[in-house]
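Per-entry structural report
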Amino acid sequence: MDSGKVVHRRKPYIPVIRASASENNQEVSAKSLDLSKVIRLLEDPLTANLKERHLFVLNKILKRSQTGFLLKDLTGIAKILNICAEKAKDHPEYVPIMSEALQICSFPFLKEKTSDELIYAQDVVEFLSHMGCLMWVPDAEVRQQIVESVKSFYTCVAPKQLLDGLQPTSPGYRLQLLEQSDLAQTLLLSMAALENQPAIKLQLLQTLQILSRSSDINCALILNARGAETICLHMNEPDPTGQVLFLSSEILWNLLEKGIKDEVTAQLNSMECVVSLKEAFFHQLMNGFRHSDLQLRNDLLVITTMIAENDNSLLVESLFAKQLMAFITFPELKNHNPLVRNFKLSYNSEDLKMKKLLLNLLVVMSKDFAALQLYKEEYVMLALLTLVKPPATLPERPSASCHWSSIQQEELQLQALATLATIAPLMLDSYMSCQGNACLLLLLDWCVGQDAFFSQGHSFHGTGGRGSKKAQMRYCIRVLRSVMSVGEETVNQDICDQGAINQLLGILMQIEESPDEEDVVTLTIKSDIQLILSALCETDMHRKELFGSEGVEMAVHFLKKGADKFYSGLGHNKLILSTVDCVWSCIVGCYTTEDYFLAKEGAFLLLNLLSSSPRCVHGIILATLLELCDNPNTLSHILSWTGDGGQTAPRLLLQLWREEEEDLGVSRSQHGEIADPQRPILTHHQQEDTQLSFPADIPSAAVLEISENLRSKIYSIFCKLGFQDLPGLSTKDYVTLSIVRRYLDFKVGEVWEEITRELSLDGVRPASPDEEALSTICKITEDTARRVTAEQNSILEHQEKEDISEEELMYTEMKSHWKQRELTLKSWESYVSKTSNYEILKEVKAQREKHIESSRTKPKHEDATVHTEEHFIGQVMFAEGSTAAQEPAGVMLTLVRDTVKAVVQDKMGPTTQDPEYFSTVRD
């Protein structure tokens, strides 16, 4: 009878799936009410011990929530799970309830409205945090279900058939809120409770690996709980599957890539973590044979390298570094270390990566003095120099023995050269004892040799040199540059004794004459060779003589290229700087090379470069010119130079002075005059530091300013050239020159004024005589500035008068020009009027005849007049006239006179008057 009632009561719930939305909402509300009743049932002291009823009600709730929990019910579900966790300590029957509830959490949460995701977001965050806290329940089933549910957040779980009106939350909803909870931290901290449950620990590591891989925020949360240290300390625990070490390495990698690298390495840089890493690495090194094991070994070595980047790395103290040294020099050197005795390389790609990582570790650890001492003890320098030897000089290996292939050997050669560039300057004793200079010069000879060599294994270090020896030459030159730049005289002398100067010059010109196009690698090699030559010749006169005419020809050749490609991006800017530095270090100071350099128009080339190069190069060019001015033959070259537009060297220098002062913010008037006599050359930066007091051991702003800009160099060059009779200067240049001439006086006054100001700032009152002397010095400087200002005004006034005189002359010429045009126009009008009006023409003719008649000389006695009879024949050459005018006045005749001797001679004798030519005037 009772059972029939039960069946009868269940029948109305059969069509629930197809019920209306209002009925569904009522049922959902009933479920919410059920949760509150269940919580009261579980917590009420009167019903707290009704275990069977608790289980019945809880099973009923879980059965109704098989498709997922509602967002608004999560708070109640979390409270129920906490109560069940407390009761499970004494009553294991509650554990299946918890496991089933956690399994339902693997499905997406459900919402009634779209706005529920925003409304109940904080409830979801708290619920996820409660899930993590349940990891402290000792039951393995609960822990496993928590881990699996969290893992399911990152997989697409298809929701079951839902009631009408309910929708699953969006796929990324839980993941976004998970980052706001402390679930990741709680899962990490729970590792300490899983020592006896290796299977769950493995699943937990898989979950942490997913969490750290998917989000930067999760990595930050894990690091906040010292996740890197925790993972590292548990990575060597017994594990028959071999997955714990692999997953731990993956988590550490994710933390390094997505988290804060410095924080990760700081957590790993403890003695316990370094020892743990050492054990893991050597376990994989000696026992790993599969490809994945070799990859894991290399990953651990990379993590070790990142730890070594810390300033207080413990690799040496933990003996990890010493044990690694045996493998760094293997197989180049024989080693009796027990670790290496049974070690065999497979010479595959992973072994090559390990070898390159070990070489890179040498560079990272080289900043530690203890590590350098360890390098000496383990003969690291000898192993590196063995690796960089040319292939032809390597000892022949038996064909049956395993060794590096030619491609692998080339990659190791380049890696070893890159390592030497850092380590060799720090270990010069070992470098010299292993004859490093000779080894590198032999490698250079091989690089420029004509033997067939087709490089294939360049990888990173061989960029731009595939198919040639360019990569080897680039890194070999880089090693020599780093060693020579130390300035150790014994090392430099050793390489010079082996003929390095002539060898480097020959290589440089050989590269320059090559038909190949210039690229970054080629330009780097050229500039590095010039820097090596500069380092060798800078302080030694004999080496400058060895540099000789061949070196001068090289420098002149590169100076002729100019600065057109300065901003090409390939490295021409470095080449220009290294060329000028080579002139300064290798040519200047030796009269033989200086004279040859001047004969090759070297001073002209420097001035051309100065006029066309950007401002960043001007300092070194001016310094070189200044040093070159010590040679008396240089001054004539500088004064005779003419640039584009007829610009002279003094004018160029004064232009640079004005540009420099404009950049420094020096106060000047419109025409370049001194605007403030109290601060004639003070820069804007010095004005900002007027309230600062500098310690006695630190140069003040007035002193530092001399070396930081071009004015002192320009002033020094003018001191060599003189300040009088300079060619090609304008009025503006003379105004600037008056300031340049007094630069030293102004600078001395500026320093004394700075001393006075600092004494005042420090509250120090000088003695009366000293105070009077300081005041007098400042007054003299100001008076000097005022005199210079007066001189500048005089120059400008003189120029103004000249401008006015030139302007008046120009207006006079213009007036004369216009007058001439008026006369020409009047003459033309007269001509037109005569040719167009016959009456006017007759009048003009009558006036002319009258004028001719009046101009003739009359004899004093008419009776004494003797007429000379002379006959002439005129020949008409051609006639011009208009058809309209038929009169003689309209015709222009041109006659040629032919004089005929008179038939009858006068008794008085021949006349002395020359016959007149018949002339026709064209009116």
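Our subject is the structure listed above.
For clarity, every value in this text was computed on a predicted model and none was experimentally measured. (Residues numbered from 1 in each chain as written. Predicted model: local features only at pLDDT ≥ 70, side-chain atom pairs only at ≥ 80, totals over all residues. Heavy atoms only, no water.)

So, on to the overall build of the chain. Summing up its helical and strand segments, the chain has 43 helices and 4 strands in all. The burial tally for the chain puts 45% of its 923 residues in the buried class. In the chain, the share of contacts with a sequence separation of at least 24, taken over all contacts with a separation of at least 6, comes to 75%. With an accessible surface of roughly 49,800 Å², the chain has 54% of that area assigned to carbon and sulfur atoms. (Helix = DSSP H or I, 4+ residues; strand = E, 2+ residues; numbered from the N terminus. Buried < 20%, exposed > 50% of the residue type's maximum accessible area, 1.4 Å probe, protein only. Contact = heavy atoms within 4.5 Å. Areas by Shrake-Rupley, 256 points an atom, 1.4 Å probe, with all protein chains shown as cover.)

Another aspect to go through is helix α31 (residues 572-587). If you check α31, its first and last C-alpha atoms are 21 Å apart, about what 16 residues at 1.5 Å a residue would give, namely 22 Å. The set of residues buried in α31 consists of H572, L575, I576, S578, T579, V580, C582, V583, S585, C586 and I587. Tucked into the core, α31 has its buried residues touching α29 (520-537), α30 (541-559), α32 (591-599), α33 (602-612) and α34 (615-628). (Expected span 1.5 Å × (residues − 1).)

Below, the discussion takes up the pattern of salt bridges. Taken as a whole and assessed by the stated rule, the structure comprises 40 salt bridges. One salt bridge in this structure joins K561 and E518, with 3.2 Å as the shortest N-O distance. With a gap of 43 residues between them, K561 in the loop between α30 and α31 and E518 in the loop between α28 (500-512) and α29 connect regions that are remote in the sequence. Looking at K561, the relative accessible area reads 33%, which means it is partly exposed. Three or more residues joined by partner-sharing salt bridges are found here, namely E661, R668, E705, R711, K747 and E750. (Salt bridge = Lys/Arg side-chain N within 4 Å of Asp/Glu carboxyl O.)

Next up on the list: the side chain of K355. Structurally, the position occupied by K355 is in helix α20 (residues 349-365). A distance of 2.6 Å separates the side chain of K355 from the backbone oxygen of F330, its partner in a polar contact. Apart from residues no more than four positions distant in its own chain, K355 is found in contact with F327, I328, T329, F330, P331, E332, L387, W404 and L412. (Polar contact = N/O pair within 3.5 Å; in protein donor to acceptor, adjacent residues only side chain to side chain.)

A cluster of acidic side chains, namely E797, E800, E802, D803, E806, E807 and E808, defines a negative patch on the protein surface. With respect to the element layout, E806 can be found in helix α42 (residues 768-836). (Patch = residues over 30% accessible without salt bridge, like charges linked within 9 Å, V, L, I, M, F, W, Y side chains within 5 Å. Lys, Arg positive; Asp, Glu negative; His and termini not counted. Charge placed at Lys NZ, Arg CZ, Asp CG, Glu CD.)

Let's shift gears to the packing of helix α5 (residues 94-104) against helix α8 (residues 140-152). Two numbers describe how α5 lies on α8: the axes approach to 9 Å, and their chain directions differ by 5 degrees. On the basis of the axis angle, α5 is roughly parallel to α8. Where α5 abuts α8, its residues V95, M98, S99, L102 and Q103 lie against E141, V142, Q145, I146 and S149. Per-class residue counts for the contact of α5 with α8 are 5 nonpolar, 4 polar and 1 charged. (Axes fitted to C-alpha atoms, helices over the stretch in contact; angles between N-to-C directions. Parallel < 35°, antiparallel > 145°, perpendicular 65-115°, else oblique. Nonpolar A, V, L, I, M, F, W, Y, C, P; charged D, E, K, R; others polar.)

Looking at the element boundaries, I739 is found in helix α40 (residues 731-741). For the pair formed by I739 and E673, sequence separation is 66 residues and the distance between their alpha carbons is 8.4 Å. Leave out the neighbours within four places in its chain, and I739 touches W657, E661, R668, G672, I674, I681, F746, V788 and Q792.

Glancing now at the packing of aromatic side chains. This model, assessed by the stated rule, comprises 13 aromatic pairs. Ring geometry for F282 against F327: centres 5.9 Å apart, planes inclined by 45 degrees, an arrangement best described as tilted. Remark: F327 occurs in helix α18 (residues 320-328) and F282 occurs in helix α16 (residues 271-287); sequence separation between them is 45 residues. Classification of F327 by relative accessible area gives buried; the value is 4%. Where F566 meets Y567, the ring centres are 5.0 Å apart and the plane angle is 80 degrees; that geometry is what we call edge-to-face. With relative accessibility at 7%, the residue F566 sits in the buried group. Owing to a relative accessible area of 68%, Y567 belongs among the exposed residues under this scheme. Three or more aromatic residues link up through ring pairs in this structure, and these residues are F281, F282, F320, F327, F330 and F343. (Phe/Tyr/Trp six-rings, centres within 6.5 Å; stacked < 30°, edge-to-face > 60°.)

Before going further, it helps to spend a moment on the side chain of S712. Along the chain, the position of S712 falls in helix α39 (residues 711-721). Judged by its relative accessible area of 12%, S712 falls in the buried class. The residues touching S712, leaving out its near neighbours within four places in the chain, are I706 and Y743.

Another point: a nonpolar patch on the surface. Nonpolar side chains collect at one region of the surface, where L744, V748, W752 and I755 lie side by side and expose about 320 Å² of accessible area between them. Of the residues examined, L744 reaches a relative accessible area of 44% and is grouped as partly exposed.

Relative to each other, helix α11 (residues 198-214) and helix α14 (residues 243-258) sit at 20 degrees, their axes nearing to 9 Å. Comparing the axis directions of α11 and α14 gives the class roughly parallel. When you trace α11 past α14, the crossing you get is left-handed. Along its contact with α11, which presents L202, L205, Q206, L208, Q209, S212 and R213, the element α14 presents Q243, V244, L247, S248, E250, I251, N254 and K258. (Left-handed = near helix turned anticlockwise from the far one by under 90°.)

P331 follows F330 through a cis peptide bond whose omega is 5 degrees. Of note, the phi angle at R226 is positive, near 55 degrees, even though the residue is not glycine. Looking at the element boundaries, R226 is found in the loop between α12 (216-224) and α13 (227-233). Residue classification places R226 among the partly exposed residues on the basis of a relative accessible area of 41%.

Inspection of the entire model under this criterion finds 0 disulfides. Just so you know, C439 is unpaired, no disulfide at all, and the nearest cysteine sulfur is the one on C476, 8.1 Å from it. With no disulfide partner, C537 has as its closest neighbouring cysteine sulfur the one in C586, 3.9 Å distant. Overall, the relative accessible area of 0% leaves C537 in the buried class. (Disulfide = S-S within 2.5 Å.)

Here we take up the nonpolar core. Formed by 233 residues in total, the largest nonpolar core has its most connected members in L208, Y375 and L533. If sequence neighbours within four positions are ignored, L533 has contacts with I501, L504, L505, F547, M554, C582 and C586. (Core = buried A, V, L, I, M, F, W, Y, C linked by side-chain atoms within 4.5 Å.)

Time to look at helix α22 (residues 380-387). Here α22 lies mainly inside the structure; 6 of its 8 residues are buried. If you check which residues of α22 are buried, you get V380, M381, A383, L384, L385 and L387. Here the buried face of α22 lies against α18, α20, α21 (369-377), α23 (406-423), α24 (428-433) and α25 (436-447).

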